[in-house]
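Structural overview
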Amino acid sequence: MDQSTKRPTMTRRAFVVGAAGFLGTCAVGGVAVGLGGESAALRPPGGQDEDAFLANCLKCDKCRSICPENCISTGVLEDGLLNYRTPKLDFHRGSCTFCDLCIQVCPTKALSPFDKTVDAIGVAVVDSDECIAFVHGGCQKCVEACEYDAIYLDGNGCPVVKADACNGCGVCEYVCPSSSLRSYSGSNLRGINVQRKSEEASQ
Amino acid sequence: MKTSPEQPISPPQKRPMKFSTKRGLVVGAVFLSVAVGLVVRTGTGTLSAIGIMDIALICPVGQLETLCASRGFMLHPFLLLVAVVLITMLVGKAFCSWLCPVSYLRRFFHREEKDEVADGNTAVAQAGVEPETAAQTCVQQAPAVEQSAGCPAALPPVGGKRDGLHLDSRHFVLAGALISSFAFGFPVFCLICPVGLIFATVIGLWNLFKFNAAGWGLLVFPAIILLEVVVFRKWCTTFCPIAALLSLLSRFNKTFKPEVDNTACLRSKGVNCHVCVQSCPEKVDPHVRDIPECSKCGVCADRCPSHAITFPLLAKAEKTEAEKVESTIQDGKE
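Note that the coordinates shown come from a computational prediction; the quantities given were computed from them, not determined experimentally.

1. Some points on the overall build of chain B
Summing up its helical and strand segments, chain B has 17 helices and four strands in all. Expressed as a percentage of its 334 residues, the buried residues of chain B come to 48%. Expressed as a percentage of contacts within chain B between residues at least 6 apart in sequence, the contacts between residues at least 24 apart total 77%. A total accessible area of about 16,000 Å² is found for chain B, and carbon and sulfur atoms account for 67% of it.

This is the structure:
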């Protein structure tokens with residue numbers, strides 16, 4: 001009955017279960033990386049170094065919770081296991097004003113300081129299949145909305161993005177009326193969409 | 001120990017709020033803060049890191065994982081980790097019963113466990129102890145036992161199954177979490193952590209109502225939680241790396257430890273009562289000092305038939321048998 005003086009030692013069962021748990025955790029990591037794929041998710045400002053961001057993000061929800069523009073959402077299964085529940089920008093709900101709140105609340109500093117005049121979340125890319133100016137002409141919502149003079153109309157009245165001036169704030173995508181004014185095309189893309197810088201370069 | 005041994009056990013008068021009620025209020029407050037954060041955008045965060053701006057009570061396992069995954073050092077998160085370590089030294093494994101929602105979920109799905117914890121009397125009876133020592137009779141008989149000439153000698157502590165330092169399968173999972181985070185470059189356990197997933201489910205539900213955004217997460221998160229909490233029945237004591245880390249740290253915990261008033265404890269009167277050990281969700285004995293697994297849930301204090309258990313900030317200096325005799329003699333002189 002007097003178990004209080006007995007020093008508990010690890011039982012064989014605890015060892016076997018523990019080894020299984022150890023391997024299980026490693027398997028979760030391996031599967032997540034294996035099935036992770038290359039995500040196109042745009043990170044909140046300061047999270048553009050994807051490896052450093054993924055290493056430090058705890059998925060604690062603080063940045064998504066505090067964003068006054070509603071433009072941070074969380075990764076879903078389709079974004080890959082690695083990006084599951086991680087914050088990503090969704091410019092259909094709002095655009096980034098670089099208020100820095102998400103950077104300030106991040107407890108693990110997965111979001112590093114961001115200078116909107118030097119750094120960029122991504123870059124806007126015009127989708128000529130979706131853009132109203134390309135299809136019907138006449139629309140210049142994105143040009144009017146851009147605070148950074150990063151979009152101009154070419155000779156045909158079609159928007160062109162100055163990649164160097166664009167910091168990926170997403171206001172062009174947010175105001176783009178292609179989804180509401182044109183018939184539903186089935187794609188989730190608008191006439192202008194912010195993409196990661198590297199992806200834009202590869203296109 | 002404040003009362004002299006001669007003082008008879010007074011019938012339970014107005015007891016302070018039960019520990020179970022207090023714990024319920026604390027867990028409720030956490031969920032409320034998440035809910036408020038969702039509606040008015042306070043950025044308080046979830047239990048992964050909860051607090052004002054970047055001053056947060058950070059999950060120590062998550063933070064260690066990010067240290068491993070980033071293979072780098074950042075001062076701010078490290079200071080948050082140090083704060084959590086210090087708090088753990090102060091309150092031990094209190095997170096497990098006062099903040100973690102998993103224990104509530106487990107009890108919801110494992111009714112029989114709940115019943116066992118809820119009803120100390122049944123627990124004593126189930127344990128096959130002599131029926132006359134069941135808690136109810138303990139209380140009624142206690143004064144009689146005290147008065148009787150053939151008063152039985154005090155019984156030694158029962159001892160809990162998980163007294164003392166426990167290195168077990170949880171610590172393997174903790175090691176696995178840290179090593180795989182280092183290897184794969186992201187906090188691996190956070191992906192499947194039931195605490196994080198519970199809050200993710202709450203947030204998913206909010207997104208469903210607020211933005212009409214339904215995702216697979218709403219099915220997948222609860223599925224993983226159920227797998228962990230229902231299928232792996234003993235998640236907390238077998239797999240949870242948070243409990244593993246906290247139990248290691250709470251070895252250094254000296255405050256808010258359960259203290260048994262030996263003058264009131266029925267065992268000192270020779271009654272073989274072990275309601276406290278039987279009802280303890282962590283399977284430790286509050287009579288024993290070295291119990292890093294104690295989560296300070298207060299179930300033992302709530303159930304103790306003679307209300308002998310308290311959780312004082314600082315323990316009274318541990319008295320040896322000789323000192324006890326000495327102090328009794330001094331009491332007699334006064």
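So much for the structure itself; the text now carries on.
2. Details of the interface of chain B and chain A
Facing 68 residues of chain B, the contacting portion of chain A comprises 50 residues. For the pairing of chain B and chain A, the buried interface totals around 4,700 Å² over both sides, and the portion due to carbon and sulfur atoms is 65%. Of all residues in chain B, the largest losses of buried area upon contact with chain A belong to Arg41(B), Phe172(B) and Leu191(B), amounting jointly to 15% of the total for that side. Here chain B is connected to chain A by zero salt bridges. Taken together, chain B and chain A are joined by 13 residue pairs in polar contact (both at pLDDT 80 or more). When residues in the side of chain B that touches chain A are grouped by element, the largest group, nine residues, is from helix α9 (residues 169-184) of chain B. When the residues that make up the side of chain B that touches chain A are grouped by side-chain class, the tally is 36 nonpolar, 25 polar and seven charged.

3. Structural notes on the nonpolar core
By size, the foremost hydrophobic cluster in this structure holds 78 residues, and its most contacted members are Ile192(A), Leu47(B), Phe95(B), Val195(B) and Ile242(B). Excluding residues that lie within four positions of it along the chain, Val195(B) makes contacts with Leu47(B), Cys100(B), Pro101(B), Val102(B) and Ile242(B). Ranked by size, the runner-up nonpolar core spans 20 residues in total, among them Trp98(B), Ala301(B), Cys304(B) and Phe311(B).

4. Let's talk about helix α1 (residues 19-40) of chain B
For α1(B), built from 22 residues, the straight-helix expectation of 32 Å at 1.5 Å per residue is met to within 8% by its first-to-last C-alpha distance of 31 Å. Among the residues making up α1(B), those that are buried are Phe19(B), Arg23(B), Val27(B), Val30(B), Val34(B), Gly37(B) and Leu38(B). Projection of α1(B) onto a plane perpendicular to its axis shows the buried side chains occupying an angular sector of 115°, all on one side. Looking at α1(B), the residues exposed on the side facing more than 90 degrees away from the buried face are Leu25(B), Leu32(B), Val39(B) and Val40(B). Against α3 (62-66) of chain A together with β1 (49-52), α4 (94-98), α5 (102-109), α11 (194-211) and α16 (299-303) of chain B lie the buried residues of α1(B). Looking one or two residues beyond α1(B), the residue adopting positive phi is Arg41(B), at roughly 60°.

5. Comments concerning the environment of Val173(B)
On the secondary structure map, Val173(B) appears in helix α9. According to the relative accessible area criterion, Val173(B) is buried, its value standing at 4%. Along the primary structure Val173(B) and Thr238(B) are separated by 65 residues, whereas in three dimensions their C-alpha atoms are 8.9 Å apart. With residues near it in sequence (within four places) discarded, Val173(B) still touches Gly21(A), Phe22(A), Thr25(A), Phe239(B) and Pro241(B).

6. Some words on the packing of α1(B) against α11(B)
Residues and elements named next belong to chain B. Remark: α1 packs on α11, axes separated minimally by 11 Å, with the N-to-C direction vectors making an angle of 35°. Like other packed secondary-structure pairs, α1 and α11 cross with a definite hand, here right-handed. Contacts from Val30, Phe31, Val34, Leu38 and Val39 in α1 reach Ile198, Phe199, Val202, Ile203 and Trp206 in α11. Taken together, the residues of the contact of α1 with α11 break down into ten nonpolar, no polar and no charged.

Parameters and conventions
Residues numbered from 1 in each chain as written. Chains lettered and ligands numbered in written order. Predicted model: local features only at pLDDT ≥ 70, side-chain atom pairs only at ≥ 80, totals over all residues. Heavy atoms only, no water. Helix = DSSP H or I, 4+ residues; strand = E, 2+ residues; numbered from the N terminus. Buried < 20%, exposed > 50% of the residue type's maximum accessible area, 1.4 Å probe, protein only. Contact = heavy atoms within 4.5 Å. Areas by Shrake-Rupley, 256 points an atom, 1.4 Å probe, with all protein chains shown as cover. Buried area = accessible area lost by both parts, 1.4 Å probe. Salt bridge = Lys/Arg side-chain N within 4 Å of Asp/Glu carboxyl O. Polar contact = N/O pair within 3.5 Å; in protein donor to acceptor, adjacent residues only side chain to side chain. Nonpolar A, V, L, I, M, F, W, Y, C, P; charged D, E, K, R; others polar. Core = buried A, V, L, I, M, F, W, Y, C linked by side-chain atoms within 4.5 Å. Expected span 1.5 Å × (residues − 1). Arc of directions from axis to C-beta. Axes fitted to C-alpha atoms, helices over the stretch in contact; angles between N-to-C directions. Left-handed = near helix turned anticlockwise from the far one by under 90°.

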